[in-house]
Amino acid sequence: MTSLFWKQGTVCPTVADQTEELAALGRRDRGEDGDWVSGAPGGGASVAIGHGERAEAERSAAIGQAQRKKAGRTPKGGGALREAVIGSKAARGGACCRHAGGMAAVTAAAAAAATSPRSWRRLFRWRALGARAPCGLPCSTRGLSGVNEFDLLVIGGGSGGLACAKEAADLGKKVAVMDYVVPSPRGTSWGLGGTCVNVGCIPKKLMHHSANLGHTLRDAPAYGWQVAPSVPHNWHQMAQGIQNYVKSLNWGHRVQLQERKIKYFNIQGSFVNEHTVHGVDKSGKETKVTADHMVIATGGRPRYPDDVEGAKEYGISSDDLFWLKESPGKTLVVGASYVSLECAGFLTGFGLDTTVMVRSIPLRGFDQQMALLVTDHMESQGTKFLKHCTMKKLEKLQNNQLKVYWNNHEENKECLDVFDTVLWAVGRVPETRGLNLEKVGVKLHPDSRKILVNASDETSVSHIYAIGDITEGRPELTPTAIMAGKLLARRLFGRSSELMDYENVPTTVFTPLEYGCVGLSEEEAEKRHGKDGIEVYHAYYRPLEFTVPERDASQCYIKMVCLREREQRILGLHFIGPNAGEVIQGFALGVKCGATYSQMKKTLGIHPTSAEEVVKLWITKRSGLPATVTGC
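Rules of the game
- Residues numbered from 1 in each chain as written.
- Predicted model: local features only at pLDDT ≥ 70, side-chain atom pairs only at ≥ 80, totals over all residues.
- Heavy atoms only, no water.
- Axes fitted to C-alpha atoms, helices over the stretch in contact; angles between N-to-C directions.
- Helix = DSSP H or I, 4+ residues; strand = E, 2+ residues; numbered from the N terminus.
- Parallel < 35°, antiparallel > 145°, perpendicular 65-115°, else oblique.
- Left-handed = near helix turned anticlockwise from the far one by under 90°.
- Contact = heavy atoms within 4.5 Å.
- Expected span 1.5 Å × (residues − 1).
- Buried < 20%, exposed > 50% of the residue type's maximum accessible area, 1.4 Å probe, protein only.
- Polar contact = N/O pair within 3.5 Å; in protein donor to acceptor, adjacent residues only side chain to side chain.
- Pairing = 2+ DSSP bridges.

## Some thoughts on the packing of helix H12 (residues 338-349) against helix H13 (residues 368-380)
The geometry of H12 relative to H13 is characterised by a closest axis approach of 11 Å and an angle of 25 degrees between their N-to-C directions. With respect to each other, H12 and H13 are oriented roughly parallel. As for how H12 packs across H13, the hand of that crossing is left-handed. Taking contact as the criterion, the partners of Leu341, Ala344 and Gly345 in H12 are, on H13, Val374, Thr375 and Met378.

Shown next, in the form of structure tokens:
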């Protein structure tokens, strides 16, 4: 096929996106075969044009020279390129290279530039968004076919999808977002913004903070505050405040889309073909949306077990918990994921009778020493744990309470109890239902049913991409989805080649005593480098604010996992204690940049803080010395 090859990142985006189509159309229209013109001045670039395009170049250049002479202007450097483009534009009644009628102008310009080093450099100067090409009109990366309505359609209005859409719009693209929340089995739904805003990070952190205030009230008398020994918690008041804030975020996202002229479709989409998505809104109105590029960012939803009688009928999930108007009462939380432990933690903090059912291990995928410290602290604060147990069935009683049956595999017996609420937190499933992905050939992982993508977030269909929780092998975290979305938009429309880096991603579990980490767990580091290939520095410490009220600090712990060789590059940092997320966020930069233990030792701490205990680490596990910090 006749084609144009340009240096990446230096060419008019119109050419970069459409040269193959342009050349093919040119040859088809003229019925001519192409030959090669190579060795273009400037090095590294080559142009292939047909005999007809070469004649077009000469004709366009002559017309361009005549146009300039008629206007009384003297041709300057780079004239060959400029005359070719201006001439082609004039011959077509002013059509710019970005319009279908200007197809030959691009090939003509390239052919003319091949004979002039200065002209060649001018061709490669069309870089900035909105910059003017030699034809005098702003350059555009939009497709030349004009068939599709949008440059980009994002399916999913969560954190990653919105970030991608906004970034593309900021780069001058015509963008649409399609988002629809399928109500939970209990009928709960919400507005624009996805899981994080509505039923995840934001309401979770606010409820976590509310529970922490309860702990602070219990500490207050020791600091001289005359507070009643028992202060009741008002769920309704807290929930109303949090839900009102979430709704303000929903509105804020709508406003941001409008400001960027991003079209918003509140419909559930389904692929008709590779460039078309069909949807029906609540009123039954059908809509078809076409786009050059598609991004799937529909995330995931809580999993309900299929083998537990009454699971969906009587249980709830995190999709429902944050929108409850009244307290859930005595609650059984099934699962030991971070969602489970976070919810159980703040429910206990509100004074509710809370039990966690654990099938195997807590916080799978996290450092297990840290995970056990987290659950030990939760138990010390009143959360009950049913270990090595699996659910059997739920029954609803006449008083609306739930009778729960489960199997205790450790004691080999069946147990039962009555709860007000059963909260499922046994993982999440990708939200691919109804997308009709098999219609267009988008491949899914056979087990997880998540979308398979390459390092560029591209699916098995070249112009269809996927980001966030719906993709196989990627962290299910809001910040990674946001960054992936932005970088994808820049690669598609901003001439960037930067890929998302999933190494050393920091995160925090917002349990009553927070657990923050970045990098490898001790188990993973040992697996990769061997037990003798790593050095683990650790310490138990006591936050200063715990001292006066004599709060238990036996689970406040720090662990730094390093390579044992030379300067001991830090592989992972783990921190359990107050404000762990704030602490780890700062150290994450150092770990990302390849910080070493020797560099950390040279870093001055800020006194008195819990974070300074990180830079004071000196005791290794290998030494066998006591790891409890003493003194100031």
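Don't stop here, the text continues.
## Remarks on H13
With 13 residues, H13 should reach 18 Å at 1.5 Å per residue; the first-to-last C-alpha distance of 18 Å fits that figure. Here H13 has its buried residues at Gln368, Met370, Ala371, Leu373, Val374, Thr375, His377 and Met378. Packed against the buried residues of H13 are H12, strand S14 (384-387), strand S22 (515-519), helix H16 (522-529), strand S24 (557-563) and strand S25 (570-576). One side-chain oxygen at the N-terminal end of H13 lies 3.1 Å from the backbone nitrogen of Gln369; it belongs to Asp367. Positive backbone phi, at 115 degrees, marks Gly382, one or two positions downstream of H13.

## Details of the environment of Glu476
Relative to the helices and strands, Glu476 is located in the loop between strand S20 (464-466) and helix H15 (478-493). Exposure remark for Glu476: the relative accessible area of 31% places this residue in the partly exposed category.

## A look at the sheet that holds S24
What the five strands build is an open sheet, ordered S21-S22-S25-S24-S23; its pairing is antiparallel. Each edge of the open sheet carries a strand with a single partner, namely strand S21 (507-509) and strand S23 (534-540). Pairs of neighbouring strands in the sheet enclose a mean axial angle of 10 degrees, with direction left out of account. Note: S21 against S22, three bridges, orientation antiparallel. Each residue of the ladder has a partner; that of Thr507, found in S22, is Cys517. Sheet contacts for H16: S23, S24 and S25; angle to S23, the most-contacted strand, approximately 165 degrees.

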